[in-house]
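# Coordinates in review
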Protein chains: 2
Amino acid sequence: MKITILPKCKFNADATIASQLYAFLRRQITESCIVPGTPLTENELAMHFGISRQPVRQALMKLSRDGLVEIIPQRGSFVKKISASNLKGICFIRSAIECSALAEAKHMSSKNYKQALERLASNLKRQQDLVDSIDGNSSMESADFRARYLRLDDRFHAILCSFSGTDMAWETIQSINANMDRIRYLSLGEFSEPEALMQDHECIYQYISEREIDKALEVLRAHLYEITSTYKPIRRKNIDWFMDEDK
Amino acid sequence: MKITILPKCKFNADATIASQLYAFLRRQITESCIVPGTPLTENELAMHFGISRQPVRQALMKLSRDGLVEIIPQRGSFVKKISASNLKGICFIRSAIECSALAEAKHMSSKNYKQALERLASNLKRQQDLVDSIDGNSSMESADFRARYLRLDDRFHAILCSFSGTDMAWETIQSINANMDRIRYLSLGEFSEPEALMQDHECIYQYISEREIDKALEVLRAHLYEITSTYKPIRRKNIDWFMDEDK
DNA sequence: ACAAGATAACTTGTATTTTAGTTTTGACGC
DNA sequence: GCGTCAAAACTAAAATACAAGTTATCTTGT
């Protein structure tokens, strides 16, 4: 029995066991509660949660599709280590999709444009409120703050994607972004300040509101690649969570 | 028993049953051998192939992730109908990723550049040879020709994606492209001529070889959206394979 | 004839058992 | 002491069995 970290938890009743376990494990992995390299044995998980191995298998399959778990046939399933080349790939795809989406703003009707601007503004306010709220009583490194801020950050970028006019933009990013989420979570509050991120967001919003899309695109692209600068210190701190191949 | 189309087939021995069934079904669906709306009952498939429901479930789950199958809990699994908005989304993502990839060619070392050019040229020659080979004895509408040509077409675009320097570009496209493959298959030889596609390919290659990346990008983007022009006639011909929402 | 409710015939979801493949370990021969 | 081979102890894959939800049909009461 290697996993004792996992708290016994009551699942939400109105979903399949498999999807609940998937959501739970995904969160545990992205928040590094379960560290890379950890074996996720079907039997162990099934016994731990008092469920059968069937839904466990299903959950592991989904996680493997997300790139968070590696299933080796007849051997076992393991939490994947983070790979630099994978992160580079994710950055590339994200900026390709997200920048293309934002570029579509050029051809948007002014009514929809205005609506989107309002949603961005409202989101930015919530980000500001959240950051302002951490004064003494709650820490910026707290798991709760990190999760909340990242949710708002996601929402901001989702709105940008909505400029594309298709839901697939954000959906596709979500489906490849799992490993980036791990880095985002690790870096927030420690190697990257939410204030800096928010400044980027504000700047992007400003340019969009001035219909200076090309300038907004420039800032957005840089913003999306900024996370790579935090890669090295994080890796240094937790060398065994990363794959050997560097570069 | 509704599915009688499926031929009894010997699976390749060196893979799990689930993955073999997945590959088989995916092909059958993308080639429209199994038409949209067909119910894929777990029991039926299991009995038909003489296997248990377990690997069938696994295969269906993968197909649902590809967007080819819809699993409705406690009701059944069905081959998804084709949706116009989904196709639009795929086009958007594809051109976002593929054009960004090609754009990276601008910053490529001349050695790698030359290698990529050679691979493109070799691929184009194979495309030409294949098209030339259909004179009388084999038809352009034959399933074999379609599959072969589309494989070469895929390869061409995969090479373009390799300009990005990350495997994720082509991988991501593959993971969202399943529904587009159905349209490509239906349109080839009937509503779109391989000669026209090849002409685009040649043109893109030409521009790349002249280092006129921006011009190549323009042609590539148009090429990727060309498929949408074949959507309407295909839909007219098989109206019940498509979703009602016609946006 | 019609509407409402029970029921039977489906479906997938979950649990349990069996099978088959990998790896490790320990014993045996060299 | 060392290399090899075999068996045991693991793993996931697949088969089987059961539970639970959904839908359509049929009955029954009005």
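Residues numbered from 1 in each chain as written. Chains lettered and ligands numbered in written order. Predicted model: local features only at pLDDT ≥ 70, side-chain atom pairs only at ≥ 80, totals over all residues. Heavy atoms only, no water.

### Some points on the packing of aromatic side chains
Under the defined criterion, the tally for this structure stands at 8 aromatic pairs over all chains. Taking 6.2 Å as the distance between ring centres and 25 degrees as the angle between the ring planes, the aromatic pair formed by Phe145 of chain A and Tyr149 of chain A counts as stacked. Of this pair, Phe145 of chain A and Tyr149 of chain A are both found in helix H6 (residues 143-162), 4 residues apart, which corresponds to roughly one turn of the helix. Each of the two residues, Phe145 of chain A as well as Tyr149 of chain A, counts as buried. Between Phe24 of chain B and Phe49 of chain B, the aromatic rings sit 5.7 Å apart at their centres with planes inclined by 80 degrees, giving edge-to-face as the arrangement. Of this pair, Phe24 of chain B sits in helix H1 (residues 17-30) while Phe49 of chain B sits in helix H2 (residues 42-49); the two residues are 25 residues apart in sequence, bridging distant segments of the chain. With relative accessibility at 12%, the residue Phe49 of chain B sits in the buried group. For Arg146 of chain A, the ring lying beneath its charged end belongs to Tyr185 of chain A, and the centroid distance is 5.3 Å. (Phe/Tyr/Trp six-rings, centres within 6.5 Å; stacked < 30°, edge-to-face > 60°. Helix = DSSP H or I, 4+ residues; strand = E, 2+ residues; numbered from the N terminus. Buried < 20%, exposed > 50% of the residue type's maximum accessible area, 1.4 Å probe, protein only. Lys NZ or Arg CZ within 6 Å of the ring centre and 35° of its normal.)

### A few points about the protein's contact with DNA strand C
Neighbouring residues of DNA strand C: 19 residues in total, closest Ile17 and Ser52 of chain A together with Arg53, Arg57 and Gln74 of chain B. In the model, a phosphate oxygen of DNA strand C is placed 2.4 Å from a nitrogen or oxygen of the Arg57 of chain B side chain. Contact between DNA strand C and Gln74 of chain B: a base oxygen at 2.9 Å from a side-chain N or O atom of the residue. For the surface near DNA strand C, the secondary-structure elements that each account for two or more residues are helix H3 (53-66) of chain A together with H2, helix H3 (53-66) and strand E2 (76-79) of chain B. Considering each element in turn, the surface near DNA strand C owes the most residues, 3 residues, to H3 of chain A. For the surface near DNA strand C, a count of residues per class yields 4 nonpolar, 9 polar and 6 charged. (Near = heavy atom within 4 Å. Polar contact = N/O pair within 3.5 Å; in protein donor to acceptor, adjacent residues only side chain to side chain. Nonpolar A, V, L, I, M, F, W, Y, C, P; charged D, E, K, R; others polar.)

### Thoughts on the relation of the copies chain B and chain A
Least-squares fitting of chain B to chain A yields an RMSD of 0.1 Å, with the superposition described by an axial translation of 0.0 Å and a rotation of 180 degrees. Such a turn and shift between the copies fits a two-fold axis. Distance from the rotation axis, computed per C-alpha, reaches its smallest value in chain B at Ala96 of chain B: 2.8 Å. Mapped onto chain A, 100% of the interface residues of chain B again fall at the interface, so both copies present the same surface. (Least-squares fit on C-alpha atoms with pLDDT ≥ 70 in both. Contact = heavy atoms within 4.5 Å.)

### What to know about the protein's contact with DNA strand D
Taken together, the neighbourhood of DNA strand D is formed by 19 residues, with Arg57 and Arg75 of chain A together with Ile17, Ser52 and Arg75 of chain B sitting nearest. Expressed as a percentage, the sugar and phosphate content of the atoms of DNA strand D within 4 Å of the protein is 69%. The backbone of Glu42 of chain A places a nitrogen or oxygen atom 3.4 Å from a phosphate oxygen of DNA strand D. Contacts to DNA strand D include Ile17 of chain B, whose backbone N or O atom sits 2.6 Å from a phosphate oxygen. Mapped onto the surface near DNA strand D, the elements with two or more residues apiece are H3 and strand E2 (76-79) of chain A together with H1 and H3 of chain B.

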